[in-house]
Amino acid sequence: MVFSSPLFVFYFLLLSLGVYYASPVRWRHAGLSVLSYIFYGWWNPWFMTLMFGSTLVDYGCGRLIANGRHRKAGLIISVTSNLLLLGFFKYCHFAYQSLGAVAGGLGWHFPAAPGWMTGIVLPMGISFYVFQSMSYCIDLYRGHAPPAKSFVDFACFVSLYPQLVAGPIVRYGSIAHQLQHRTHSVEAFTAGIARFCLGFAKKVLLADAMGQLAETAFKAGPGSLSTLSAWLGVVAYAFQIYFDFSAYSDMAIGLGRMFGFRFIENFNSPYKSRSITEFWRRWHISLSTFLRDYLYIPLGGNRLGSGRTYVNLLTVMLIGGLWHGAQWTFVIWGGIHGVMLAVERMMGRKAPSDGVWRPLRVIMTFGILLVTWVFFRAENFSVAWQFLTAMAGCQSVAASAGLVDALMLSRVALVYFLAAGLIIWALPNSQQLLMRLTMGRALGCLLLFVAALAVLFQQGYSPFLYFQF
Amino acid sequence: MSSQPLPNPYEHELPPEVLRIGRGAAWLVTVLFISLIGLPPLLNDFREMGREKTVRWLPGERFLAAVSGQDHPRQSLPERLKLFESSLAEHLHFVAPLRRSAQLAMLQGLHSGNAKTVVGLEGWLFYRPEIKALTGYGPLREEPRSVASDPSVRNWQPPLPAIAKFAQQLKERNVELWIVPVPMKESIYPEMLTSQTAAGPVTHPQQPQVAEELSRSGAKVLWLDQLFWELKKQDAEGGPVYLKQDTHWSPRAMEAAAAELAKSLKEGAGQEFSRSEITAQSRGDLVEKLNLPDHDNPFPMESVNLHVVVAKSDPQSPIVLLGDSFVNIYDDPSLGFGEAPLSAGFAQHLMAACGKPIHVIAKNGGGATTVREQFAKLPDDVVRQKKVVIWVLAARDLFLSRSEATANSVEWLDVTFNSQHSVPVTTVPEGGSEVEAVVTGISEFPADPRTTPYASAVFCVRYRVERVIAGSKPADELFIYHPLFQKREFQPAAAVQMGRRYRLKLQAWNEALPVFQQTLLDDFNTLDPYYAEIPIPIP
């Protein structure tokens, strides 16, 4: 089920709010868990068993850790089982294919992947809930959180539908206290409504429109992509992924507020960053903090000397890239970011861009990001190379390129580019806008919601980009 | 939930929040929001209840029917849930007017079309899948795939192998194949989209290689791009080559294509057909795809002068014409022009240009595979009597990449030719025949009629006759065509179930006009079909 679908907006949301607020307090987590399983099972009911199994294992491991006698065993079982689950569904076929490619390169015979392996379907949102579920045992082991009071509480934490399939990645420690005690008020509920409506409008009015433009450029075949369209296409994709993912986070945070939860912010105007280091403090914050706390710091962080710090940065970003998808282009995307983080750290205050005019630094950073987005969006290296050469003006184009240009430069496209640019660089972000919620802002959000609903019916709904990760 | 709050080790990650909204205002916003999401479906349900005169929650019923498999029993549970979800939005009565109003506002305010229609210059409209076909990966290069690609797109055969095999099958039967790809509108009128002038028709970069591949397969190909470009240059007198608001060619271009084809086939003087002239109007399929409000449609009707040729398809002709809506556009009233068959289409003009009747098999949206399947079902002796097969198809179908072809339901399947010889045509006794029969097989059909390129279809069901109610027993086993969907709405026959007994009023298939012209979904390669409107279930 997708937040920006009529089924969710007109039926499921009302049903879940009704069930939640009509239930006695002690039944609320059970009700929310059942609804979350229905929400998740909508894609494929069999995936519910997987999430339930993962929940059961981590809850059991949590008990082992809390009992104090098998703390390490509990942690190892939890981390291993979660990573095996993720590895099987997400990376099994990829690893086999990569081994096959290496073996083929060396001239060795390597059998084709068996049918069961090629038929593995990636369960929606597995990368998110596996991390969340695993964080329970790690936080328990570190003493950052008390054990869940009951299995129902824990199941509610893992399956909580507002942020289940695309984040923000909520660590157990940050929500444990809210599972035991949280306040509900009509003012907070209204804040949730405003945030949800704003996210909804962002997704339907901006992300989907940008997505159509990005697709026009990225699906253009050889000879049909001019330099101008290539640049506009990658800018459209950069806008799409930001609006799409931050819209989902807005809606998740808003829905969480309606149920009395407060989730971590996931975005903070990332394209206003003046460096890649700053970008990672503003982009997908819940993932970067998760990787920092559960991977970078355990690897030694910056405590083991400069060389090791750079290696750790690169390792974390490569793994972060791979987390997005079992594809080498994602690894390269992560690798470029890792190298940039290391270079910026190496340069320190002597960075050549330090003396540069601030808007220019923002533009330079955005330019680097555009190149990395090409790898993120492209299906393989060949497509990425073709796209980059088109951006560099090194590709010959046929007359058909004029048709792609026409779509990329149509009046509606230019209006969208202009509006998106203004929203990204000249206006406050959703969190800043709604930090001080007033009646006028809340009503403004409702109006945007109505406009977005009308456009949703006109263009049809599309799933969120981050669902595929 | 206990009243003792626990410390949050990640407290610093939560931003400060100031709620400067009064309790009354907060209640107002909350009530407005809940009304916005709650009232429309509630009023919708009351309306449906009033119409059905029963008190029941229809979305709930539909949901249970989807979960239990009562609806779409042959689909998997996830597929049934998706179908339920898409049908739910369609049953919300406020959706259609809201959608139309939003489209009108987008069109007037931003000059914006939708997923299907692109708004060009000077009132010209274009079909987005055609632009994608012209600029996409094409049929020769494998479209790249990623982990994010739709897994259902994997099993798709590109066009060239299917065409090569079809050409080979015909060659084995001593039948010549002529392929006529109809150019895309954007090829001939790029300036109405880009405002840039082109020196010649804009074709897909792979078109020369595709032409070479097609020739290598043994088929002869008549490319019309240059002919149409020249026609466009003489535009002033004869009118445009394509309709402004429709994907199809103008009568002028169609007649020129028919004449050019007849010349290439070296056919000419022969039978004279009676001719007349009429004017017909349509708003165009591209306007229809925009889905604008009926009362406030800014697009005018488009008029065409048609040359009617009184000529009918002749199944005995050695020349066969296979085609899609480009063949039917000025003949089949369901495509927008006229109320009854106009007899001014490509087939009629080709017959006039060739001076002889032709055997016509043309299905809207079925140019890639359906028409070949229909032809291949003909008895072997009938096929071997043919000399030439002319296959008119949209160039768009030929150049769509895998993902776009799948999205537009364009399939390139291999066809199996019938090895059986002719049998007498089915006849139903005077006064009709009525039987009770049990379903023993059902042809596969699409789960969602809104995704198909054709708006109406019939499908074949196999029955075992149990009892004759009226007339004589036609056979022990019957293959019966039923209406599957009309105007994209499933018909009652779509609910037939395996093993169930039905009462059927039989009609000879070849007399079942106008259903006869619709897309056929038949897994049984039926030689001797009947037709029955509604199978009545017998408890």
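Computed from a predicted model, the values in this text were never measured in an experiment.

> How would you summarise the overall build of chain B if you had to cite specific residues and measurements?
For chain B, the count of helices and strands is 19 helices and 18 strands. Going through the 539 residues of chain B one by one, you find that 41% of them count as buried.

> Before we move on, can you summarise the overall build of chain A with the specific residues and values?
If you tally the helices and strands in chain A, you get 20 helices and one strand. The C-alpha atoms of chain A give 23 Å as radius of gyration, which agrees with the globular expectation for 469 residues (23 Å, within 12%). Classification of the 469 residues of chain A by burial places 52% in the buried group. Put simply, 75% of the contacts in chain A that link residues at least 6 apart link residues at least 24 apart.

> With reference to specific residues and values, describe the packing of helix α2 (residues 28-41) of chain A against helix α3 (residues 47-67) of chain A.
Residue and element names in this part refer to chain A. Where α2 meets α3, the axes come as close as 8 Å, and the angle between the chain directions of the two elements is 135°. Classified by the angle their axes make, α2 and α3 are oblique. Between α2 and α3 the crossing geometry is right-handed. Side by side, α2 and α3 meet where Y37, Y40 and G41 of the first sit next to F47, M48 and M51 of the second.

> Tell me about the domain arrangement of chain A, and name the residues and values.
Residues and elements named next belong to chain A. What the domain assignment reports for chain A is domain 1 (6-101 + 116-181) and domain 2 (188-275 + 351-468). Domain 1 and domain 2 are separated by 29 Å when their C-alpha centres are compared. Domain 1 puts 15 residues into the contact, and the matching count from domain 2 is 15 residues. Those elements giving two or more residues to the side of domain 1 that touches domain 2 turn out to be α1 (6-22) and α8 (172-180). Residues belonging to the side of domain 1 that touches domain 2 are distributed by class as follows: 10 nonpolar, five polar and no charged.

> With reference to specific residues and values, describe the interface of chain B and chain A.
Each side of the interface is counted separately: chain B has 74 residues, and chain A has 75 residues. Within the residue set of the side of chain B that touches chain A, elements represented by two or more residues are β1 (18-19), α1 (23-52), α3 (77-91), α4 (95-110), α5 (128-135) and α8 (191-194) of chain B. Here the element with the most residues in the side of chain B that touches chain A is α1(B); it accounts for 13 residues. Pairing of strand β1 (residues 436-437) of chain A with β1(B), which is carried by two bridges, proceeds in the parallel orientation. Note that in β1(B) the partner of L437(A) across the bridge is L19(B).

> With reference to specific residues and values, describe the packing of helix α10 (residues 227-258) of chain A against helix α17 (residues 401-408) of chain A.
Residues and elements named next belong to chain A. Where α10 contacts α17, the axes come no closer than 9 Å and their chain directions differ by 40°. Viewed along their axes, α10 and α17 adopt a mutual orientation that is oblique. Taken as a pair, α10 and α17 cross one another with a handedness that is left-handed. Counting all contacts with α10, which are made through L228, S229, L232 and G233, the residues of α17 involved are A401, V404, D405 and M408. Split into classes, the residues belonging to the contact of α10 with α17 amount to five nonpolar, two polar and one charged.

> Explain the sheet that holds strand β9 (residues 359-362) of chain B to me, and be specific about the residues and the numbers.
All names here are of chain B. Pairing is parallel across the open sheet formed by five strands, whose spatial order is β5-β4-β10-β8-β9. Two strands lie at the open edges of the sheet, namely β5 (220-221) and β9, each paired on one side alone. Across seven bridges, strand β4 (residues 176-182) lies against strand β10 (residues 388-394) in parallel orientation. The residue of β10 that forms the bridge with P181 is L393.

> Just give me the short version of unusual backbone geometry, but keep the residues and values in it.
Residue and element names in this part refer to chain B. In the Ramachandran plot, N291 falls in the positive-phi region, its phi being about 60° despite a non-glycine side chain. Tracing the sequence through the fold places N291 in the loop between α13 (285-290) and β7 (302-309). Here N291 falls in the partly exposed class, since 17 other C-beta atoms lie within 10 Å of it. Of note in the backbone geometry, S409 takes a positive phi value of approximately 55° without being a glycine. Along the chain, S409 turns up in the loop between α19 (402-407) and β11 (433-442).

> How would you sum up the environment of L304(A)? Please name residues and give values.
Residue and element names in this part refer to chain A. Along the chain, L304 turns up in the loop between α12 (285-296) and α13 (306-324). With 12 C-beta atoms packed within 10 Å, L304 lands in the exposed category. Spatially, the C-alpha atoms of L304 and A326 are 30 Å apart, while their sequence positions differ by 22 residues.

> Please give an account of the environment of M301(B) that cites residues and values.
All names here are of chain B. Tracing the backbone shows M301 in the loop between α13 and β7. Judged by the 13 C-beta atoms lying within 10 Å of it, M301 is partly exposed. Through-space distance from the C-alpha of M301 to that of A280 is 9.7 Å; in sequence the pair is 21 residues apart. Once residues within four sequence positions are removed from consideration, M301 is found in contact with Q281, S282 and R283.

> Which residues make up the nonpolar core, and what values do they have?
In terms of nonpolar packing, the biggest core is built from 253 residues, with M210(A), A217(A), L321(B), L350(B), I390(B) and V392(B) touching the most fellow members. Looking at which element gives the most residues to this core, the answer is helix α9 (residues 186-218) of chain A, with 20 residues. If we ignore the near neighbours within four places in the chain, the residues touching L321(B) are V327(B), A347(B), L350(B), I358(B), V360(B), A362(B), I390(B) and V392(B). Ranked by size, the runner-up nonpolar core spans 23 residues in total, among them Y463(B), L484(B), L504(B) and L506(B).

> I'd like to hear about the environment of E172(B), residue by residue, with values.
Mapped onto the elements of the fold, E172(B) is located in helix α6 (residues 159-172). E172(B) sits 212 residues away from R384(B) along the chain, and the two C-alpha atoms are 9.4 Å apart.

> Requested: an account of helix α20 (residues 439-459) of chain A, with residues and values cited.
Residue and element names in this part refer to chain A. In this model, α20 (21 residues) spans 30 Å end to end at C-alpha, consistent with the 30 Å of a helix rising 1.5 Å per residue. All of the buried residues in α20 are A442, C445, F449, A452, L453, V455, L456, F457 and Q458. Backbone geometry just after α20 places G460 at a positive phi near 80°.

Conventions used here
Residues numbered from 1 in each chain as written. Chains lettered and ligands numbered in written order. Predicted model: local features only at pLDDT ≥ 70, side-chain atom pairs only at ≥ 80, totals over all residues. Helix = DSSP H or I, 4+ residues; strand = E, 2+ residues; numbered from the N terminus. Buried ≥ 20, exposed ≤ 12 C-beta atoms within 10 Å, placed from the backbone. Rg over C-alpha atoms; globule rule 2.2 N^0.38 Å. Contact = placed C-beta atoms within 7 Å. Axes fitted to C-alpha atoms, helices over the stretch in contact; angles between N-to-C directions. Parallel < 35°, antiparallel > 145°, perpendicular 65-115°, else oblique. Left-handed = near helix turned anticlockwise from the far one by under 90°. Domains from an automatic or database assignment. Nonpolar A, V, L, I, M, F, W, Y, C, P; charged D, E, K, R; others polar. Pairing = 2+ DSSP bridges. Core = buried A, V, L, I, M, F, W, Y, C linked by C-beta atoms within 7 Å. Expected span 1.5 Å × (residues − 1).

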